[in-house]
Every structure is written in structure tokens, then in C-alpha cells.
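Here's the letter readout for the chains.
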Amino acid sequence: NAGVTQTPKFRVLKTGQSMTLLCAQDMNHEYMYWYRQDPGMGLRLIHYSVGEGTTAKGEVPDGYNVSRLKKQNFLLGLESAAPSQTSVYFCASSREETYEQYFGPGTRLTVT
Amino acid sequence: EDQVTQSPEALRLQEGESSSLNCSYTVSGLRGLFWYRQDPGKGPEFLFTLYSAGEEKEKERLKATLTKKESFLHITAPKPEDSATYLCAVRSTSGTYKYIFGTGTRLKVLA
């Protein structure tokens, strides 16, 4: 039981490049989330999903897109990376919306 | 506006020196308050969920309590391995699915 896994762990992009971050969970959770964590700021919700085939915007969605084609996977895409997107990205999942979230190990992204 | 404030930002304790971390919140309606532990370079790890004022939860040296305005994470006789950042989050009853996280308290326990 791996819980929540994220790939890659580290990535360096140049401004304008694109990439996809992959999140996978093996707990059969309905809800999945993408957050970013920046120094001095709390975790901020980018996008979330309440089930397979559904996605919705969170607090800071601009510049990101997501897809949830399979229940266990939640993808976060950056179409044209900007230096402001340099951050640590965390994926999380939960059984229901009021339940605790389980987090992945994070992806450290640097955009130069 | 829903808001979560944690204090202090950082705390240094000697091993065995008990203390408390504070999480003050303002939400339209509380559906749950969560405490997480985050070690450097890792994702947050769930500790407790509290749903209503007066509720308490315990785990080893940690005890979480909840009032209508704030939550405390009490650490009794801490050990160096308790060193971490402790995050508080709330889920409000507003229509948007949103957990609001505080910026955390960095705890360092010295041997």
C-alpha cells in the first residue's frame, strides 16, 4: 500500500516550457487535490476533483490545468511555465470532503 | 473571509519542556479542523480531526483541543523526534470545497 505517490520528485523548466505532474493513490479515495506550498504561505489549493471525470478550480488555478481520467490518478499540467510557478507541489486525497487528507511526498519545481 | 492563523511561527523547546501551539480560525461554519505534521522535504502527515467545540484527541505526547475560535496542540514532555512543522487547517461550510491551511509552527526540540 503505497498511499499517494507523485512523479517526478524534482524538475527544472525554462520559462514557456510545459510539463505534467502525475499523482497516483491506491486507497480508492474519491477526492483528490493539488496544492502548492511557498515559503511564508500556507498550502494553497490549485484544483481539486470529487470523482473520476470531474475537476474544479481551487484558490489559485490560473496557469494550471488538471485531468482525472481514472479514479486513482490526478494530473496537473503547466502549459507555459512562468517563474512565479516555482514552488513545491503536493497532491492529496481523501475519502470524503470532511475527512483527513493524505499527502504525497511533493514535487519541487523550479522555473528559470 | 475564512482565515486561519497559527502562533507562534517558531518555537524552541528543551526536551521534556511541555508547551502548546495555537490555531485561531474564522470561518462561516466549521466542518472540521485538522492538524498535520510536516517534516522537511516531505508531505504533511495527518494527526487529528476535531469537529466540534469541546472535542479533544490524543496521540502519544500530543493532545489537540477545540473551542469555537481556536484549537491548541499540546505537546507534553517533547522529544527531539517531535521536531517538525505543525500545520492547522479548517474546512468551512461555504459552498466551495476548500481547506484553509495556516502557515504552520516550526517546532525544534533540543536534546
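Description of the structure in this document.

Analysis parameters
Residues numbered from 1 in each chain as written. Chains lettered and ligands numbered in written order. Predicted model: local features only at pLDDT ≥ 70, side-chain atom pairs only at ≥ 80, totals over all residues. Heavy atoms only, no water. 1 Å grid on protein atoms, 1.4 Å probe; cavity = no way out; pocket = protein on both sides within 12 Å on 5 of 7 lines; lining within 4 Å. Points joined across faces, edges and corners; volume = space filled by probe spheres on them. Nonpolar A, V, L, I, M, F, W, Y, C, P; charged D, E, K, R; others polar. Helix = DSSP H or I, 4+ residues; strand = E, 2+ residues; numbered from the N terminus. Core = buried A, V, L, I, M, F, W, Y, C linked by side-chain atoms within 4.5 Å. Buried < 20%, exposed > 50% of the residue type's maximum accessible area, 1.4 Å probe, protein only. Contact = heavy atoms within 4.5 Å. Polar contact = N/O pair within 3.5 Å; in protein donor to acceptor, adjacent residues only side chain to side chain. Buried area = accessible area lost by both parts, 1.4 Å probe. Salt bridge = Lys/Arg side-chain N within 4 Å of Asp/Glu carboxyl O. Disulfide = S-S within 2.5 Å.

Attention shifts here to the layout of surface pockets. Over the atoms a probe the size of a water molecule is rolled, and this reveals where empty space is left. The space that makes up the largest pocket amounts to roughly 810 Å³. What lines the largest pocket is a set of 33 residues, among which Gln37(A), Arg108(A), Gln38(B), Pro40(B) and Gly41(B) lie closest to the centre. Residues of the lining of the largest pocket, tallied by class, amount to 11 nonpolar, 14 polar and 8 charged. When its volume is computed, the second largest pocket comes out at roughly 360 Å³. Forming the boundary of the second largest pocket are 16 residues, of which Glu59(A), Glu1(B), Asp2(B), Ile100(B) and Phe101(B) lie nearest the centre. Sorting the residues of the lining of the second largest pocket by element identifies strand E1 (3–7) and strand E10 (99–101) of chain B as the ones contributing at least two each. The element that contributes the greatest number of residues to the lining of the second largest pocket is E10(B), accounting for 3 residues. Residue classes in the lining of the second largest pocket are distributed as 6 nonpolar, 5 polar and 5 charged.

A few words on the nonpolar core. One recurring pattern in soluble globular proteins is that nonpolar side chains are buried together. Residues Leu33(B), Trp35(B), Leu73(B) and Tyr86(B) are the most contacted members of the largest nonpolar core, which totals 24 residues. Contributing elements (two or more residues each) for this core: strand E2 (10–14), strand E3 (19–26), strand E4 (30–38), strand E5 (45–50), strand E7 (62–66), strand E8 (70–75), strand E9 (84–92) and strand E11 (105–110) of chain B. By residue number, the principal contributor to this core is E9(B), which donates 4 residues. In this view, Tyr86(B) contacts Gln6(B), Leu21(B), Trp35(B), Tyr36(B), Arg37(B), Leu47(B), Leu62(B), Leu73(B), Gly104(B), Thr105(B) and Leu107(B); residues no more than four positions away in its chain are not counted. With 19 residues, the next largest nonpolar core counts Cys23(A), Met32(A), Ile46(A) and Leu109(A) among its residues.

Let us look at the side chain of Arg37(B). Residues and elements named next belong to chain B. As for its position among the elements, Arg-37 is in strand E4. Here the side chain of Arg-37 touches Asp-39 through a polar contact of 3.0 Å, side chain to side chain. One polar contact links the side chain of Arg-37 to the main-chain carbonyl oxygen of Glu-81, over a distance of 2.7 Å. Residues within four places of Arg-37 in sequence aside, it is in contact with Gly-43, Pro-44, Glu-45, Leu-47, Glu-81, Asp-82, Ser-83, Ala-84, Thr-85 and Tyr-86.

What follows deals with the interface of chain B and chain A. Taken together, the 20 residues of chain B in the interface contact 21 residues of chain A. In total, chain B and chain A occlude about 1700 Å² of area from one another, counting both sides; carbon and sulfur atoms represent 57% of this. Joining chain B to chain A, the criterion identifies 0 salt bridges. Run the count over chain B and chain A and you get 3 residue pairs in polar contact (both at pLDDT 80 or more). Elements supplying a minimum of two residues to the side of chain B that touches chain A: E4, E5, E9 and E10 of chain B. Per-element accounting of the side of chain B that touches chain A gives the leading share, 4 residues, to E4(B). Along the lines of polarity and charge, the residues of the side of chain B that touches chain A split into 9 nonpolar, 7 polar and 4 charged.

What follows concerns the state of the cysteines. Applying the stated criterion across every chain, the model contains 2 disulfides over all chains. Disulfide pairing is shown between Cys23(A) and Cys91(A); the S-S distance is 1.9 Å. Because the torsion about its S-S bond is -75°, the bridge between Cys23(A) and Cys91(A) counts as left-handed. Of this pair, Cys23(A) sits in strand E3 (residues 19–25) while Cys91(A) is found in strand E9 (residues 87–94), placing the two residues 68 residues apart along the sequence. Pair check on accessibility: Cys23(A) and Cys91(A) agree, each one buried. Here Cys23(B) is linked by a disulfide to Cys88(B), with a sulfur-sulfur distance of 1.9 Å. Its S-S torsion of approximately -60° makes the covalent link between Cys23(B) and Cys88(B) left-handed. A residue pair is termed long-range when its members are at least 10 positions apart, and Cys23(B) in strand E3 and Cys88(B) in strand E9 qualify at 65 residues. Each member of the pair Cys23(B) and Cys88(B) is classed as buried.

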